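Structural overview for review
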Amino acid sequence: MTTVEEGKAHVGFGRMLRKEDARFLRGKGNYVDDIRLPGMLHGAILRSPHAHARIRSIDTSAAEAHPKVKAVVTGATLETLNLAWIPSLSHDVVAVLATDKVRFQGQEVAFVVAEDRYSARDALELIDVDYEVLPPVVDAKRALDPDAPVIRDDIEGKKDNYIFDWEAGDKAVCDDVFAKADVVVSQEMLYPRVHPAPMETCGAVAWMDPIDQKLTIWSTTQAPHAHRTLYALVAGLPEHKLRVISPDIGGGFGNKVGIYPGYVLAIVGSILTKAPVKWMEDRSENLMSTSFARDYHMRGEIAATREGKILGVRVDVLADHGAFNNTAQPTKYPAGFFHVFTGSYDLAAAHCHVRGVYTNKAPGGVAYACSFRVTEAVYLVERMVDRLAQELGVDPAELRMKNLLRPDQFPHVTPTGWEYDSGEYPRALQLAMDIAGYDELRREQAEKRARGELMGIGISFFTETVGAGPKRHMDILGLGMADGCEVRVHPTGKAVVRLSVQTQGQGHETTFAQIVSEVTGIPAEDVEVVHGDTDNTPFGLGTYGSRSTPVSGAAAAVASRRIVDKARIIAAAMLECAPEDLEWDRGSFHVKGDPGTSKTIQEVALAAHGPMDLPDGVEGHLDATCVYDPPNLTYPFGAYICVVDVDPGTGKVAVRRFIAVDDCGPRINPMIVEGQVHGGLADGVGMALMEAIAFDEDGNNLGASFMDYLIPTSLECPSWETGETVTPSPHHPLGLKGVGESATVGSPPAVVNAVIDALAPFGVKHADMPLTPAQVWRAMHGNPMRTDLAIQ
Amino acid sequence: MQVPAPVEYERALSVEEAIALLVKHGSESRLIAGGHSLLPMMKLRLARPEVVIDINPLAGALSYVRREGDELAIGAMTRHADLLASALVSEHAPIIAEAERVIADPVVRNRGTVGGSLCQADPAEDLSAVFAALGATVRIRGPRGERSVDIDSFHTGPYTTVVEPDEILTEVRVRIHPGASSAYEKVERRVGDWAIAAAGAMLQVSGAAITSARIGLAAVGAEAFRAPRAEALLSGKEGSPELFAAAGAEAGRECNPHSDQRGPEDYKRHLVSVLTERALSRAYARASGGAAR
Ligand SMILES: Cc1cc2nc3c(=O)[nH]c(=O)nc-3n(C[C@H](O)[C@H](O)[C@H](O)COP(=O)(O)OP(=O)(O)OC[C@H]3O[C@@H](n4cnc5c(N)ncnc54)[C@H](O)[C@@H]3O)c2cc1C
C-alpha cells in the first residue's frame, strides 16, 4: 500500500488526503443544525403513539396558549393549503400530517412552532388527540388475509392491503428448466427491516422571505435539485423563487432521498410565522419514521444438474412497504432493480414474482446503500448458491467458480433483461481465495470440527447495478436521470467544477477534483468543487444508488475533455501551428517532435481570457458544460470471504477475518475507495449479526433507539483485508463503475453463509438475520426465530 | 421525545448538604451522579424530577477503593473506570474487574458510578449481580442517620431499593475471604449493550472442597440477583466439571427470565446455565490457586 505524500501537488488519480477533512477534523463542518438565522423559530412534531387509529379530534388550544408558541399546525390546517397529502415517489400519496387516521407508530400528527426547541417540545404535550385505536396489520404475511384491517381506506374503493403484483423473466421457460432439472433446492428467507441510521438525523431550516418571496430551504437532502423541482410541482411554488441548499451532510445512505413531512412543515411554518423555522428530528424520530430498508420475505428456488451446473433461479417475494408506498427509487419497476437476482452466474432461465403490501409500519424500503434492492437480490442468490452447495455436498467456492460468467460472455444479457457491461469474475474470486488462504482455512476448519469447535467460512460473489440511469428507463416523477456538470478554468489556471450531486461523506470534494485533474492536468488542489446549492449548480438528480461517479463523474470527465479540446485550439493559435500538430501530455501541449515548444493548460487559460485574437468560432474563456445521460448502468462486482468462530455454548459469533476483493474499474482515489468498502463491510456485519427493526403485536416499533437498534462498533469488526482487480466499464468515459454501495450489498450474505457453514455439524440450513446469539442457538436446535416480530 | 422536561438544578458540596437538599425538595427531587441512567430517562420523559441535585462535587470524598482490615471499601462516587483500573479490586475481587470490562463503553464508564448503578437497580445491572455474588454490604445515610444493609435485602424489586427518597448511598463494602476467588461471564448482543444474561460466581475453597458459594445473575429476573438452589448444590462438595455443569443447569432452571428482543426465555435459561458453569470453573481454578481457564 502506498502512503499519501503530503505537500506535493496531485495530478489525476491516486491516493491523496481528502480535501474536506481539513474542516471535518477541526469540527468546522457546517450541517443543517449549525444553520442559525436571525429570528429563527423551532418546530417539533407530535407523533402517533399508535400503529393504527382513527383520529376523532385534535385539541390544540392549550398548546396555542403556551407563551412561547407561535403556531400550531394540524392536518386540518394543511388541508386548507392543499398540502395534507403529497405524492410519493412511487405512485402513491403520503400524509404530511394525519387527517383521518394514523397508520404507523411515529406518524406525524401535528407541528408546533415556538421560540425555542424546548418550548416546542413542551407544547407537544399540551396537544390533546382523541384516538380510536384500530387493530393493526403487523405481520406482512397476514396483510392479504381477507379479514385483515384495511389500512388505506383513504384510497377510494380500496378493500385490501395490496399494492402491486409484478413479475420479471419468462415464467414458462423458467418452469420448464426447473421441471427438467436434476436438483431443485428451495429456501424461505427474510431480509429484515433495517435502518440506514445516519449519524446526522434529518432536518431542515426554511425561510420564506416575505419581501422578495424567495423560499430558501437548507435541508438534509441527497438530491437538492430533485427536491426543488418537487416542491415547485407539489406546492405550486415558482421554481426560480426556490433555493435548496444541502450543506454538509452527516451520512445519507438513501435515508435522505425523499421529502419528509418535517421539511414541508418547516416551509409551512415559515410561511405562517414569516420567520425562519428550523426542524431537526431526534434519533428515535429518525429510526421510527424515516426511510427504512428491505423487509423482503423471499422464497427462493435454484435448479441445477447433478454435476453442479446451475440452470435457473426463481423467487417469490412478499414486500412489506409500510403504510404508504414511498420507496425512493427512480425505476419503472415496483421492486427496483431486484430482478438482477440472477447474480453473477450463467443461467438459462430466471423468474421473479413480487407482491407489495401495506402494513402499519413506517413507509420506505429503498435505502441503506441498497442500490435499489440489489442488496436483497444478491442476498437471495448468494444464499441459494450456498444452499445448493450444501445439498450437492460440494465446496461453495468450487460451485461458484464453475458457474460464474466468463470474461468472454460480456457484454452479457441476463434472463431478466439486464446488460452487464464488463467483468472478469473468476479472477476476482481467485484473488479473494488466495488472500484468504482458502484451502488452509478449510483444513483448519476440519481440524476444529473434529474437536467440536465451530468455525465457518462464507463466500459471496456479487454483481452491483449502479449509475442510474438511462433516461429511457428511469425517472423520478418525470425527471430524467441525466446530470449536469460545469467546469470553469479561471484566468490563472485554477478551476471550479459545479455538480448536481451532493456528497454525504463519500469525499466528492476530493474525487471530483481528481477527475478534472486526471483529464486536464490541473492539480487536484487547484480545483474547487461546488455542490449542494441549487442556485449555484447545474440540474441533476443527486447522490444515491452509487450514481455519482458513473453519472456525474462521466459528466465531469466529458466537460473536462471539452476544456482540453478548446485549449488545444487556443494553444495551436498561441504556437502558430495546427491543432492536430500538437501533442497532449497531460497538462501541456507541445508541438509534435519538438517538446520544447509547448504551452501549459495554465498558460492557455490566461491567453483564453486575454487580448489575443482567438481562432474563428472560438469564444473567449475556458469553460465547458456537459449533461450526461448514461447509455447503460455500470456493474461493479466483487468476491468476499468471511471467516467466523461461533461459541458452541452461547451461540455468539465472532467475525475473525473478512477478505474483500472489489472491482469498480479504475480507482480515482484508492484510499477513499477503501474507506467506502470498510464502511460497507461494517454495515454488512451489522445487518447480518445485530440490526433489525421488529414490531410487537400492537405495532410498537421495537428498534426505536440506539439501545434497541444496534449498529456495530470497531470491536465487532475485524481488520478488513481488501484487494482489487480492475475491469473498466466500456461505456464510461474513464471506465469508472462506482463503489459506494458495493460492500453493503455484497457483505451480508458472506457473513450469513459463514455462520451457517459453522453450524453445519448441527444440520442447519438457514436462519434469518440478524444472527444474534439467541438466533444462532435456536438455529442449532432446529428452531430459528422470525426476526420481524417480537421475540416470544 | 429526547428533550427533558423543565428541571431545576442544585449542587451539593457535602453529603450533609445533599441530604438537606433532598429533605428540602422532597420526593420530586433526585440525586444525579454520572447521569447515565437518569438523563436518558429524563430525555424520554420517563423520569420527570422537578429538581436534580448534582453530587459530583462529592467525588473527592466518595470516590475511593480502600482496604480496611479484611474488607474492601468502595465509595459511592467511584466511577466504573476507576474500579476497572484498581489493582486492589483486581487482586481481591476479580469478578468486579471482569464485569467492569463489559459494562457499557468507555464513555459511560468514565462517568457512571457504583452508587448510581446500585440505586438505579436495573434488573440487568451487572454490578448488582456482582455485589450479590460478593455478599456486599451497602452504607446509606439520611436525615435519620446512617445504616448498613446487606445486599440481599437491598433491592425491593425492579428499579426499587431500600434507599429512601431523602437518603444517599455512600459506600459498598466487600469482605475479603481467605481462599476465595471469583469470576464474571456475560453475553451481550454487541459490545456496550446490556446483558442478555450474565453470571458471576464467588467460591471459597479449602483444599479441593468448596466451603462457600455465591452466584449472582443479571438480567434474568433472579430473586435478589441470586441462585440459591444452585449455590446449595455446591457447598461442601469438591469442585468438578460435572458439579459446575449441574449447578449451572440448576441456576438456569431457578431464574425467571422473560422473552424480549435480547432473546427468548428458553435461550436465556440456557445461557444462564452455560455462563454460571463457566464462571464457577474459573472462580474455582483461581481460588484453588490454579491458572484460570
Ligand atoms: C449506553 C449505556 C450502556 C450501558 N450498559 C450497561 C451495561 O452493560 N451494564 C450495566 O450494568 N450498566 C450499563 N449501563 C448503566 C450504567 O452502568 C449506569 O447507568 C450508570 O453507571 C449508573 O450510574 P450513574 O452514576 O450514571 O447514575 P445516575 O444516572 O446519575 O443515577 C441513577 C439513579 O441512581 C440515583 N443515585 C445515583 N447516585 C446515588 C447515590 N449515591 N445515592 C442514592 N441514589 C443515587 C439517582 O438519583 C438515579 O435515580 C449503561 C448505560 C448506558 C448509558
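Further up the page is the structure itself.
Here's what I pulled together on the structure shown here. Predicted model, so just to flag it, every value in this text is computed and none were measured.

**What to know about the environment of Leu-126 of chain A**
Residue and element names in this part refer to chain A. Here Leu-126 lies in the loop between α4 (117-124) and β8 (128-133). Leu-126 gets classed as partly exposed once you look at its relative accessible area, which sits at 35%. Sequence spacing of Leu-126 and Thr-60 is 66 residues, and the spatial spacing of their C-alpha atoms is 7.2 Å.

**Re helix α11 (residues 241-254) of chain B**
All names here are of chain B. For α11, spanning 14 residues, the distance from its first C-alpha to its last is 20 Å, which sits close to the expected 20 Å at 1.5 Å a residue. Regarding α11, the residues found buried are Leu-243, Phe-244, Ala-247, Gly-248, Glu-250, Ala-251 and Gly-252. For α11, the elements touching its buried residues are β12 (195-206), β13 (209-218), α10 (228-234) and α12 (265-287).

**Things to note about the packing of helix α10 (residues 396-403) of chain A against helix α11 (residues 425-436) of chain A**
Residue and element names in this part refer to chain A. Close contact between α10 and α11 brings their axes to 10 Å; oriented N to C, the two are set at 160 degrees. In terms of orientation, α10 lies roughly antiparallel with respect to α11. α10 and α11 meet at a crossing whose hand is left-handed. Contacts from Ala-397, Arg-400 and Met-401 of α10 reach α11 at Pro-426, Leu-429, Gln-430 and Met-433. Residue composition of the contact of α10 with α11, by class: 5 nonpolar, 1 polar and 1 charged.

**Some points on the packing of α11 of chain B against α12 of chain B**
Residue and element names in this part refer to chain B. The N-to-C vectors of α11 and α12 enclose an angle of 140 degrees; their axes lie 7 Å apart at closest approach. Here α12 runs oblique to α11, going by the angle between their axes. The two elements α11 and α12 meet at a crossing, and its hand is right-handed. Facing Phe-244, Ala-245, Ala-247, Gly-248, Ala-249, Ala-251, Gly-252, Arg-253 and Glu-254 of α11, the residues of α12 in contact are Arg-269, Val-272, Ser-273, Thr-276, Glu-277, Leu-280, Ser-281 and Tyr-284. Tallied by class, residues from the contact of α11 with α12 come to 8 nonpolar, 5 polar and 4 charged.

**A look at the interface of chain A and chain B**
By convention, interface size is frequently given as the accessible area that disappears when the constituent parts associate. With 31 residues of chain A at the interface, the matching set in chain B holds 28 residues. For the pair chain A and chain B, the two sides together bury roughly 2600 Å², of which 57% comes from carbon and sulfur. Scanning the region where chain A abuts chain B turns up 6 salt bridges. Note that Glu-188 of chain B and Lys-652 of chain A form a salt bridge whose closest N and O atoms lie 3.7 Å from each other.

**Digging into the pattern of salt bridges**
Residues and elements named next belong to chain A. In the structure shown here, the tally under the stated rule is 89 salt bridges over all chains. Between Lys-70 and Glu-115 there is a salt bridge, with its nearest N and O atoms 3.5 Å apart. Separated by 45 residues along the polypeptide, Lys-70 in strand β3 (residues 69-74) and Glu-115 in the loop between β7 (108-114) and α4 bring together distant segments of the chain. Accessibility expressed as a relative area gives 47% for Lys-70, which makes it partly exposed. Using a relative accessible area of 37% as the deciding quantity, one classes Glu-115 as partly exposed. Residue Arg-142 is joined to Asp-145 by a salt bridge in which the shortest nitrogen-to-oxygen separation is 2.5 Å. Linked through salt bridges whose partners overlap, the residues forming this network are Arg-54, Asp-92, Asp-100, Lys-101, Arg-103, Arg-152, Asp-153 and Asp-154.

**A look at the site of the ligand**
Of all residues adjacent to the ligand, which total 31 residues, the nearest are Leu-31, Gly-34, Gly-35, Ser-37 and Thr-113 of chain B. More than one chain approaches the ligand, the contributing ones being chains A and B. Contacts to the ligand include Ala-104 of chain B, whose backbone N or O atom sits 3.2 Å from an oxygen atom. Here the ligand has 970 Å² of accessible area as a free molecule, and 93% of this is covered by the chains. Secondary-structure elements contributing two or more residues to the shell around the ligand are β2 (29-32), α8 (114-120) and β10 (168-175) of chain B.

Criteria and cut-off values
- Residues numbered from 1 in each chain as written.
- Chains lettered and ligands numbered in written order.
- Predicted model: local features only at pLDDT ≥ 70, side-chain atom pairs only at ≥ 80, totals over all residues.
- Heavy atoms only, no water.
- Helix = DSSP H or I, 4+ residues; strand = E, 2+ residues; numbered from the N terminus.
- Buried < 20%, exposed > 50% of the residue type's maximum accessible area, 1.4 Å probe, protein only.
- Expected span 1.5 Å × (residues − 1).
- Contact = heavy atoms within 4.5 Å.
- Axes fitted to C-alpha atoms, helices over the stretch in contact; angles between N-to-C directions.
- Parallel < 35°, antiparallel > 145°, perpendicular 65-115°, else oblique.
- Left-handed = near helix turned anticlockwise from the far one by under 90°.
- Nonpolar A, V, L, I, M, F, W, Y, C, P; charged D, E, K, R; others polar.
- Buried area = accessible area lost by both parts, 1.4 Å probe.
- Salt bridge = Lys/Arg side-chain N within 4 Å of Asp/Glu carboxyl O.
- Near = heavy atom within 4 Å.
- Polar contact = N/O pair within 3.5 Å; in protein donor to acceptor, adjacent residues only side chain to side chain.
- Areas by Shrake-Rupley, 256 points an atom, 1.4 Å probe, with all protein chains shown as cover.

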